[in-house]
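# Tertiary structure, described
Here is what each chain is made of, one letter per residue.
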Amino acid sequence: MARRRRGDKQDPWQLRLLSAIPGRERWEIEALRKNYHLAQNLENGLLSESGILRVLCNPVTGRVLVFYAPATLSRSVEALLRNCLNNISEGAVFRYLPGGPSASHSAALARVIRSSIPARQELILPPLLSVVGHGLTMLRASSLTTIFNTARGEGPRFLRTLGLVKTGSQLAFMIGLYLLLSLANVIIQPYRKRSWSQLAQATQHNLRTDVIARVETQDMAFFDSYGTGRIVSLVTQDTANIGEFVERAGDELIEKVLTIVVAGIVMLLISPNFLLISSLSLPFILLVSRFYKPKIAESYAALGTVSGNFNQMLENNLGGIAEVKSFTAEEREVLRLHECDAQIGVLAREATALSSFQSQLTAGMFAMSFSLAAGQSGRMVASEEDRK
């Protein structure tokens, strides 16, 4: 492929091939310098071509890095560049078309976590302490309610079985039990949180070590494609997010399951109708989750992409600060970073709003079902009093 000199009159765009290996070519385009609109438009135009995998246009240096699949590329990269530039000069505006994910995000997350969690014997203690800790919290709350019922002369039957007949002795026993549960809860809770934190740190360490080892074995095309800013974000921020997910998700899941199981058993013992009424909201909750889950995942994926772009822009800006200053592009670069950071804020608010709305909608449906169950229990109590 012939290289054109920078002053060739037959080449209005002044393209110059800087480097080329199968699947990757780097070009210099003189018309691209300080033309940010052309850079974005050219990126979008090339990405719409079959066989083009990734395009990076730098309006500061005037260079374009193109990654492509040689087997599916219909024309040469130079021909595609010139065709896009000619179309742009005629007024064409190319829009960015995001590609869909090739695999399920949840499945990918599950694979990542499975590959980085510690040995099986280290996974026993955190769930066990969660069950004990949340169980103690529920028993303590129940014993507090029992203290008031006992003071009203409506103590539980097991107190009489233990030989505690007088209200004073029953009250003293329940207060002592409450204090004992509170003491046990104070001892258990720090160990519960510490065990989940250790599991999360071990998972994060294993994952970060594996990611670093895999990054180190990649070729230069990988680093040119993703940039050091995004790689650093992957090694630090993304692994930290997964560690935080491991620390919070397991404990919260056990708490919710334990609460639902205990509440279901209590309702079943009181009346099967209570359990049936309380379960009426489950199909609607599943539908809401199925509807909002892809939207929330898409929102957070977009947030992650823009955050990675911001890190890469900042890395490129600071790494090439000499070129930025030589072209007196400081104000423009600051504006680009400002706009990208503002976009991160907008996407973060949108993702948080969607997630919060789904959470509140689910909680509202649960509250409605329990309200119906409470209404049914009130009717039963009223009917019993009428019979008396």
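Note on numbering: residues in each chain are counted from 1, in written sequence order. Side-chain atom pairs in this predicted model are given and counted only at pLDDT of 80 or more, local residue features only at pLDDT of at least 70, and totals for whole chains, interfaces and linings cover all residues. Side-chain calculation: all heavy atoms of the structure are included, whereas hydrogens and water are not.

### Here's the deal with the packing of helix α1 (residues 36-47) against helix α2 (residues 77-89)
For every element, the axis is a line fit to its C-alpha atoms; helices are fit only across the contacting stretch, and the angle between N-to-C directions ranges from 0 to 180 degrees. Helix numbering and strand numbering both begin at the N terminus, where a helix is a DSSP run of H or I of at least 4 residues and a strand a DSSP run of E of at least 2. Their axes nearest at 10 Å, the elements α1 and α2 cross at an angle of 125 degrees. Judged on the interaxial angle alone, α2 and α1 are oblique. Of the two elements, α1 crosses α2, and the hand of that crossing is right-handed. When α1 is examined against α2, the residues L38, N41, L42, G45 and L46 are found in contact with a partner set consisting of L80, L81, C84, L85 and I88. Residues belonging to the contact of α1 with α2 are distributed by class as follows: eight nonpolar, two polar and no charged. To sort the angles, those under 35 degrees are grouped as roughly parallel, those over 145 as roughly antiparallel, those from 65 to 115 as roughly perpendicular, and the leftovers as oblique. Put simply, a crossing is left-handed when the front helix is turned counterclockwise from the back one by less than a right angle, and right-handed when it is turned clockwise. For this analysis, residues touch if any pair of their heavy atoms sits within 4.5 Å. For this classification, the nonpolar set comprises Ala, Val, Leu, Ile, Met, Phe, Trp, Tyr, Cys and Pro, the charged set comprises Asp, Glu, Lys and Arg, and every other residue, Gly included, is treated as polar.

### Looking at the side chain of E49
Considering the arrangement of structural elements, one finds E49 in the loop between α1 and β3 (52-58). For the exposure calls, accessible area comes from a 1.4 Å probe over protein chains only, and a residue counts as buried if that area is under 20% of its type's maximum, exposed if over 50%, partly exposed in between. Positive residues here are Lys and Arg, negative ones are Asp and Glu, while His and the chain termini are left out of the count. A side-chain nitrogen of Lys or Arg and a carboxyl oxygen of Asp or Glu constitute a salt bridge if their distance falls within 4 Å. For the buried E49, no salt bridge is present, and the opposite-charge side chain at shortest range is R75, 4.4 Å distant. Those residues in contact with E49 that lie beyond four places of it in its chain are R75, L80, N83 and C84.

### Some details on the confidence of the model for the protein
As a per-residue quantity, pLDDT reports the predictor's confidence and falls between 0 and 100. A residue-level look at the protein finds 81% of positions with pLDDT of 70 or above and a mean pLDDT of 77. Of all helices and strands in the protein, the one with the weakest mean pLDDT is helix α10 (residues 321-326) (56), whereas strand β2 (residues 24-29) scores best (89). Within the model, the stretch residues 1-9 combines pLDDT values under 50 with 16 contacts to residues more than four positions away or in other chains. The model gives residues 97-105 a pLDDT under 50, and that stretch makes zero contacts with residues more than four places away or in other chains.

### Examining the pairing of β3
Pairing between strands is defined by DSSP: at least two bridges between the two strands are required. Pairing geometry for β3 and strand β4 (residues 63-68), over six bridges, is antiparallel. Within β4, the residue paired with V55 across the bridge is V66.

### Considerations on helix α4 (residues 125-151)
A helix's residues, less one, multiplied by 1.5 Å, set its expected span. For α4, which comprises 27 residues, the first-to-last C-alpha distance of 39 Å matches the rise-based estimate of 39 Å (1.5 Å per residue) to within 8%. Among all positions in α4, only P126, L129, S130, G133, H134, G135, L136, S143, T146, I147 and T150 are buried. Phi turns positive, to about 85 degrees, at G153, one or two residues after α4.

### Here's the deal with the nonpolar core
Buried Ala, Val, Leu, Ile, Met, Phe, Trp, Tyr and Cys residues that are joined via side-chain atoms within 4.5 Å together make up what is termed a nonpolar core. In terms of nonpolar packing, the biggest core is built from 23 residues, with I29, L32, L42, L46, V64 and L81 touching the most fellow members. Looking at this core, the elements that each hand over two or more residues are β1 (15-21), β2, α1, β3, β4 and α2. Look past the residues within four positions of I29 in its chain and what remains in contact with it is W13, Q14, L15, L42, G62, V64, L81 and L85. V306, F310, C340 and I344 belong to the second-largest nonpolar core, a separate cluster that totals eight residues.

### Remarks on the pattern of salt bridges
Per the stated rule, a full pass over the model turns up eight salt bridges. As a salt-bridge pair, R16 and E28 come within 2.9 Å of each other at their nearest N and O atoms. Of this pair, R16 sits in strand β1 while E28 sits in strand β2; the two residues are 12 residues apart in sequence, bridging distant segments of the chain. Relative accessible area serves as the criterion here: at 27%, R16 is assigned to the partly exposed category. Relative accessible area serves as the criterion here: at 4%, E28 is assigned to the buried category. With its nearest N and O atoms 3.2 Å apart, the salt bridge here joins R82 to E78. Taken together, the residues R82 and E78, both in helix α2 and four residues apart, mark about one turn of the helix. Taking the relative accessible area as the measure of exposure, R82 reaches 18% and is therefore buried. Given a relative accessible area of 13%, E78 falls into the buried group. Salt bridges linked by common partners bring R16, E28, E30, R33 and R63 together as one network.

### Here we look at the state of the cysteines
Note on disulfides: each one is a pair of cysteine sulfur atoms within 2.5 Å. Tallying each qualifying case throughout the model produces zero disulfides. The thiol sulfur of C57 is not disulfide-bonded, and the nearest other cysteine sulfur, from C84, lies at 9.5 Å. Classification of C57 as buried rests on a relative accessible area of 11%. The exposure class assigned to C84 is buried, which follows from its relative accessible area of 1%.

### Some remarks on the sheet that holds β4
With antiparallel pairing, four strands are arranged side by side in an open sheet as β1-β2-β4-β3. Two strands in the sheet have a free side with no partner beyond their single neighbour: β1 and β3. Between one strand axis and the next, the sheet turns by 15 degrees as a mean value, whatever way the strands run. The pairing of β2 with β4 spans five bridges and is antiparallel. Across the sheet, the residue bridging to W27 is V64, located in β4. Across the sheet, α1 lies against β2, β3 and β4, angled at about 170 degrees from β3, the strand it touches most. Strands β1, β2, β3 and β4 of the sheet are contacted by α2, whose axis makes an angle of about 40 degrees with β2.

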